[in-house]
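Here are the chains, one letter per residue:
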Amino acid sequence: MTAVAPAAHAPAVGWHHRHLIDVDVVTWPEIELIMRTTDEMKGILARPIRKVPALNGRRVTTLFYEASTRTRVSFETAARNLSADVVSISTATSSVTKGESLVDTVRTLEALGAEILVMRHAVSGAPYLAAEVFGGHVLNGGDGWHAHPTQALLDLYTMRENLPGGDLRGRKVAIVGDILHSRVARSNIWTLTAAGADLWLCGPATLLRGMDRWAAAWSGGAIPGHGRFNVTSDIDAALRDADVVMGLRIQRERMQGGLLPSLREYAARFQLNAERVSLAKPDAIVMHPGPMNEGVEIAPDVAISGRSVITDQVANGVAVRMALLYLLAGAHEAARGEAAR
Amino acid sequence: MTDRQIMTGDEIRRAIVRISHEIVEKQAGTKGLALVGIQRRGVPLARRIADAIEEHEGMRLPVGALDITFYRDDLSLVAEQPMVKGTDLPFDLNGATVVLVDDVLYTGRTIRCAMDALIDFGRPRAIRLAVLIDRGHRELPIRADHVGKNVPTSREEIVHVHVAEFDEVDEVSIARQLPASDASGAGDR
Amino acid sequence: MTATGPMIGETVERFELEKAWLVDPVSGREGPGEIVVTDGILESVVWLEGEEAAGVTDKGVVVAPGLFDLHAHFREPGFEDAETVATGSAAAAHGGFTTVALMPNTSPAVDDPGVVERIRSAARASGSPIEVLAYGAVSAGRAGEQLSAMGELADAGVVGYSDDGAPVKTPKLLRSALLYAGMLGLPIVDHAEDAELTAGAEAHEGYVASVMGLAGWPTAGEVNAVARDLAVLADALGDQPAARLHLTHVSTAAALDLVRRARAAGLPVTCDVTPHHLAFTDEWIAGARRWAWDAIDADGTPRDPWADGVLKAGPYNTSLRVNPPLRTAADAAACLAALLDGTADAVATDHAPHTVVDKEVEFGRAANGISGIETALGILLSLVDAGRLPLARAVAALTTGPAAVAAASTGTAGTSAARPRGLTEGAPADLVVFDRADRWRVTPEALLSRGKNSPLIGREVPGRVLLTIAGGRLAYEDPEAGSD
């Protein structure tokens, strides 16, 4: 961790979001604030005692409706590093299987002292429902196909760590895989277009449905603070001269749903293997949100190659989540009145 | 709302020179000493003290910066001031005699946080405290070993320390607090 | 306006209204006028002229014939937590409706006369004077396999047949139904949906669903089904010239276009559009709350809610989950155009109340439906206020339009449904009085329906209903009705 000189003229950006459910409401200065706070959190992780008392006595509850050990453990580690008390609910063993509604579960958890609720759910939009009935802060750990804000932010942080000057403007980022069903892709669209990157989304036509229309809507710079992006099924065009190559998981269910002929065919045409990745820049990095299906969307040798920063993503994930838990916990009282967004 | 100047640039300079002598006197030398400035304005003050000690003892003491943002017990400030300024301790704390340096000593809470933070980094042999201004109203049993100036104040007043490194001038002034602002705001030390 | 006095359900002994704006869609006349109701009969309708008419505009108190809803769900029998015939009738009257045709997706389904009778007795027991009509199911149990007891249902007085909630399952079944129902002189009312294309869908397949990560409901899901229905109808006509098809809640520009062309070619098909498809769009799911006509450019391109900064409400509000889904602003404009050019004869509410249990869940798990019978008039008046729809056309869409759709029915109930809806001297009073100069706030308490699943909660809509009289009896009176 390099010496940090007092940031004499840093802009005074505060944090006023009571929840973080989607990155669509986060402005670029706020993203910069998250990045700087993550720098500090990484510093804490480098210390002999990797813990600070910032969230001492606060209760962080993880409510995961979808099984996910890695993400849940990442959030819990982040919470513990800030000295928070952690409670984990994974629905396989809870009353949810007895048919308890989301609203009732959230109210119960609040009565049990939950202050920050980290949620993962299979249905898009579920965290907004939780936020409507929850008096504390909701941090979205992934909802359906919609959003995965902490993933997009840790992806952004990792890219900035590996690109000169930490500047993504004009840098080509290729995301390859099942874009249609990917909350990681959707959140990355918001953050990377805000960062000024040259974003390319690539996958088979059946898994890109609707993305063309989205790209067309944004092509004229219609959304303030966000640029355009590209959608293609031509993997060579997507990867050529890319600075960042990101693979997304392909799920077996897509085959059953009639969207893919076979995983073998996907691998033959879209797998990130050494040959394809060599189309990217020589110092391009390879990323993946995990867990990986090695041999399907990514070749095993590429996953562990020198260009791969996949394990950095995991480490950065803890730091980003520490930063967000810290910022949310301190969110201004005034923010409590706003409509859950 | 007029600011009342209570220390000029020259007075600050003299106080720093005096404090630097006191620190060395108390230690009977410079051995084992290290200066740690508390972000933000404690940091340039710590540097100036180190400069003064170097001048009269010929010895450059290690200087570090300590950010206590994550050790505060009150998160309500995060919304307005989440900006973290950075901790840098480029020396081994274990066995060192650390002199914490801050601009204003008030309730003592900042110093308590600073001691917690410091101890997470290592085990100093001793911790001492040097402040430019002691304005009274302690809420914790904390006292400074070295004080630039004792200034009795009321709770409605704010002490502003300006240092050339950030503020273009060196001076200390007192202002009456505007009624609308939260009394537990930036001034709470 | 003099105080009326009677309780709900009692004959209105005397009611006089001076200097109001009368709209009579049967004669096509509208203008300043006065009415007198005596012992439940609309004794006099006087059109004012010259000086007497001075100062009376169509922006104040309006009198129209009682409204007719071609498509509503009152959930009884089987789902009384969501609504009953009694609460639904009260809601209908609050909305200015005096006749409602109920869909048969109850439990048990209305597939035999016994269930029709249960609904009728519930209507009688409610004490409400609202005329409650019923559709029979097309298939036994709405299972889509065998025809229901259509003849017996006709004898019991149903006004048509529908498997609504679901489409008529197969082309073959639809063909048989059209032939059989045609023989009985009653229409088939189809909820046109290709269930294979729409399986798992959450929201209209478009830009908003793509951004919000919602499973898309393709336009083809409606267009396919409408095309199928029209083709089957064309064939069926060869065997049964009296076959008639009504397509309910058509929502896409493409499907409306198919209906337009089929009608031009002489096919006996009618359709209705809902108030929510006229006024709300899929961008409401993202949190926008502007009317559909404000969400579209002059060249017919829907505006981008993320670009315009109009996302004021929380996203994924389940009161917006409906079948067919809310579509784009261009589709909404097409619904309005269809109403204006007569492709759509009527506006029908598809009033679909749901309990909190069924709606206070994740968007993709919420039941489909909007509780809309009380806000339908307010929505149409918003269109009138915006200059998009003439007042007379709005009234016709809710009175003579539905009556025309019901007109092919030859059963006794059908005749009743098709009775002329005008301001006719000497006929039993069947009318609604509303004040365009006044607005009312839609709240769970203000809604008389058990279904509080309305996207307009918290919002004010124009046109406070002051009085509804059905068949000469009081159906609804505004609690704060003061003097003019």
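As the structure is a computational prediction, the values presented were derived from the model and not from experiment.

Quick notes on the rules
Residues numbered from 1 in each chain as written. Chains lettered and ligands numbered in written order. Predicted model: local features only at pLDDT ≥ 70, side-chain atom pairs only at ≥ 80, totals over all residues. Heavy atoms only, no water. Helix = DSSP H or I, 4+ residues; strand = E, 2+ residues; numbered from the N terminus. 1 Å grid on protein atoms, 1.4 Å probe; cavity = no way out; pocket = protein on both sides within 12 Å on 5 of 7 lines; lining within 4 Å. Points joined across faces, edges and corners; volume = space filled by probe spheres on them. Nonpolar A, V, L, I, M, F, W, Y, C, P; charged D, E, K, R; others polar. Contact = heavy atoms within 4.5 Å. Buried area = accessible area lost by both parts, 1.4 Å probe. Polar contact = N/O pair within 3.5 Å; in protein donor to acceptor, adjacent residues only side chain to side chain.

### Looking at unusual backbone geometry
Step number 1: Cis rather than trans, the peptide bond between A:G290 and A:P291 has omega equal to -10°.
Step number 2: Considering the arrangement of structural elements, one finds A:P291 in the loop between β9 (285-287) and α12 (300-303).
Step number 3: Here the bond from B:Q39 into B:R40 is cis, since omega is 15°, no more than 30 degrees from zero.
Step number 4: In this structure, B:R40 sits in the loop between β2 (33-38) and α2 (42-57).
Step number 5: The phi torsion at B:H137 lies on the positive side, around 70°, for a residue other than glycine.

### A few points about empty space enclosed by the protein
One water molecule sets the probe size; rolling that probe over the atoms shows where empty space is left.
Step number 1: Applying the stated criterion across every chain, the model contains eight cavities of 30 Å³ or more.
Step number 2: Estimates place the volume of the largest cavity at around 100 Å³.
Step number 3: Considering the residues around the largest cavity, the lining is formed by 13 residues, among which A:L180, A:R209, C:E205, C:S210 and C:L214 are closest to the centre.
Step number 4: Classifying every residue of the lining of the largest cavity by side-chain character gives five nonpolar, four polar and four charged.
Step number 5: The space that makes up the second largest cavity amounts to roughly 70 Å³.
Step number 6: Looking at the second largest cavity, it is lined by 13 residues, and the ones nearest its centre are A:D22, A:D24, A:H146, C:M212 and C:W306.
Step number 7: For the lining of the second largest cavity, the class distribution of residues is nine nonpolar, one polar and three charged.

### Considerations on the interface of chain C and chain A
Step number 1: Taken together, the 27 residues of chain C in the interface contact 28 residues of chain A.
Step number 2: Where chain C abuts chain A, roughly 2,100 Å² becomes buried across the two surfaces, and 59% of that area is made up of carbon and sulfur atoms.
Step number 3: Scanning the region where chain C abuts chain A turns up six residue pairs in polar contact (both at pLDDT 80 or more).
Step number 4: Counting residues per element, the ones that place at least two in the side of chain C that touches chain A are α6 (207-212) and α11 (305-308) of chain C.
Step number 5: If you tally residues by element for the side of chain C that touches chain A, the top one is α6(C), at four residues.

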